[in-house]
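# Tertiary structure, described
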Amino acid sequence: MDFGLSEEQRLIVETTRAFVENELYPHEAEVERTGVLRKELADELKQKAMEAGLYAANMPAEVGGAGLDTVTWLLYEKELGRANYALHWTCVGRPSNILLAGTDAQKEKYLYPCIRGEKSDCLAMTEPGAGSDLRGMKATAVEKGGDWVVNGTKHFISHALEADFVILFVASGEEETPRGKKKKITAFFVDKGHPGMTIREGYRNVSHRGYTNAIVEFDDCRLPQEAILGEVHKGFEVANTWLGATRLQVAATCLGRAERALGHAIEYAAQRQQFGQQIGKFQGVSFKLADMATELKAADLLTFEAGWKFDQGTVTDQDMAMAKLKATETLAFVADEAIQIHGGMGLMDDLPLERIWRDARVERIWEGTSEIQRHIISRALLRPHGA
């Protein structure tokens, strides 16, 4: 494996980092203090991202994206991840890969407008009683008169207030298995404003200020057959096929924030004077930096190895779980140690460290908790031995 970057990859990293530092960083303080990403600002930055060729870069070239391989895409995500989440996610849109699973008509209605920046999507899976156990979802879709009638509630739905449509996953039936009954899941497209669907403001979140979550309620929401994404009762298959790399995306953005925090810690340790010398000369500080850098390197290698294997078609769920687990927990560790090195100043909002520290907390929960990642890894180790 060649660990060096190609000329194209270096250019993408440099272009993305320059955009993040010049266009996104200047607005972080406003978003963090108000908890709001103004629509006018979002539209302005989105236009700049499109002009820079960064918008929808995760999409294949044949549908209007950049056609990046997985490793290059992760390099791009890592650079974007340095910035406030609301800014980089909303203004440098990356449409969900699951849109590629749609029919030609669905692609015309949903995929291509997202790539052009005319629409944005959100995914609705989580429910108040169904987080890690998605098979436990209670929202249902029942076929009636040729349509599907949806009832139930989804929550923690990121970006739903701003999105133009929802990609909805609901229980559509049951099947018998050796372990008992198991719910069948179907995915649907639901346009904002569709009768029977209500989107309301969700919860105030300590992490990722400005990046909203919402509660989405369905009350006899009638959907036509053409709203189905994929096949009836095959929602999990669609999700597993097209959303598998999402955990690598989370890992990559965490690496970017961890790298930013480490950079601040190194600079401060080299400049701050106490007891007549730079604090970086004290072993108590210098060893922290060594541990932070080592853990970050390990997380980086795990993530990009998984990305490389994804491109080779050899990646496993265990690979992606290891990357997500290591990167998210490393971010938490690095952010905490960076604050410790800065002392009280690390908790002031003059620096991005307290934000990175707060934002790190949710990364070990969404897109699969650390406990779920450890379950995936341990099952992969033990299952071949019948345990």
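In every chain, residue numbers begin from 1 and rise along the written sequence. Where totals are concerned, whole chains, interfaces and linings use all residues; where local detail is concerned, this predicted model gives features only for residues with pLDDT of at least 70, and gives and counts side-chain atom pairs only at 80 or more. The basis for every side-chain value is the complete set of non-hydrogen atoms in the structure, without hydrogens or water.

### Here's the deal with the overall build of the protein
Regarding its fold elements, the protein presents 12 helices and 10 strands. Relative to the compact-globule value of 21 Å for 387 residues, the protein shows a C-alpha radius of gyration of 22 Å, a close match. Taken along its principal axes, the extent of the C-alpha atoms in the protein is 80 × 55 × 40 Å. Relative accessible area decides the class of each residue, using a 1.4 Å probe on protein chains only: under 20% of the type maximum gives buried, over 50% gives exposed, and in between gives partly exposed. Sorting the 387 residues of the protein into buried and exposed places 48% on the buried side. Counting only contacts in the protein whose residues sit at least 6 apart along the sequence, the fraction spanning at least 24 positions is 74%. Runs of E in the DSSP output that reach at least two residues are strands. Runs of H or I that reach at least four are helices, and both are numbered from the N terminus. As defined in this context, the radius of gyration uses C-alpha atoms, and a globule is described by 2.2 Å times the residue total to the power 0.38. Here, residues are in contact when the closest pair of their heavy atoms is within 4.5 Å.

### A few points about the side chain of K324
Among the structural elements, K324 can be located in helix α10 (residues 317–342). There is no salt bridge for the buried K324, and the closest opposite charge comes from E363, which lies 6.1 Å off by N-O distance. In protein, a polar contact requires one atom able to donate a hydrogen and another able to accept it; more generally it is a pair of N or O atoms within 3.5 Å, and residues adjacent in sequence count only if both atoms are side-chain atoms. Polar contacts involving the side chain of K324 include one to the main-chain carbonyl oxygen of W366, which spans 2.8 Å. Residues contacting K324, with those up to four places away along its chain left out, are R247, V250, A251, E363, R364, I365, W366, E367, G368 and Q373. Residues scored as positive are Lys and Arg, those scored as negative are Asp and Glu, and His as well as the terminal groups of each chain are ignored. Salt bridges, as used here, are contacts in which a Lys or Arg side-chain nitrogen is within 4 Å of a carboxyl oxygen on Asp or Glu.

### Let's talk about the UniProt feature "domain: Acyl-CoA dehydrogenase/oxidase C-terminal" (unreviewed entry) in the protein
UniProt positions are given in the numbering used here, feature names are shortened, and annotations may be inferred rather than shown by experiment. UniProt marks residues 234–382 with the feature "domain: Acyl-CoA dehydrogenase/oxidase C-terminal" (unreviewed entry), using the numbering shown here. Counted over residues 234–382, helix gives 77% and strand 3%. Its end C-alpha atoms are 28 Å apart.

### Re the environment of D147
Topologically, D147 is positioned in strand β3 (residues 147–158). Residues contacting D147, with those up to four places away along its chain left out, are V142, R222, L223, P224 and Q225.

### Some details on the nonpolar core
Ranked by internal contacts, the top residues of the largest apolar core, which has 90 residues, are L37, Y76, L99, I167, F169, M292 and I341. It is helix α8 (residues 246–271) that provides the largest number of residues to this core, a total of 11 residues. Non-local contacts of F169, meaning those with residues more than four positions away in its chain, are made with I98, L123, A124, M125, M137, K154, I185, T186, A187, G235 and A239. Core analysis: the next-biggest nonpolar cluster, separate from the first, contains 22 residues, W148, F188, A214 and L223 among them. Among the buried residues, those of types Ala, Val, Leu, Ile, Met, Phe, Trp, Tyr and Cys that are joined through side-chain atoms within 4.5 Å form a nonpolar core.

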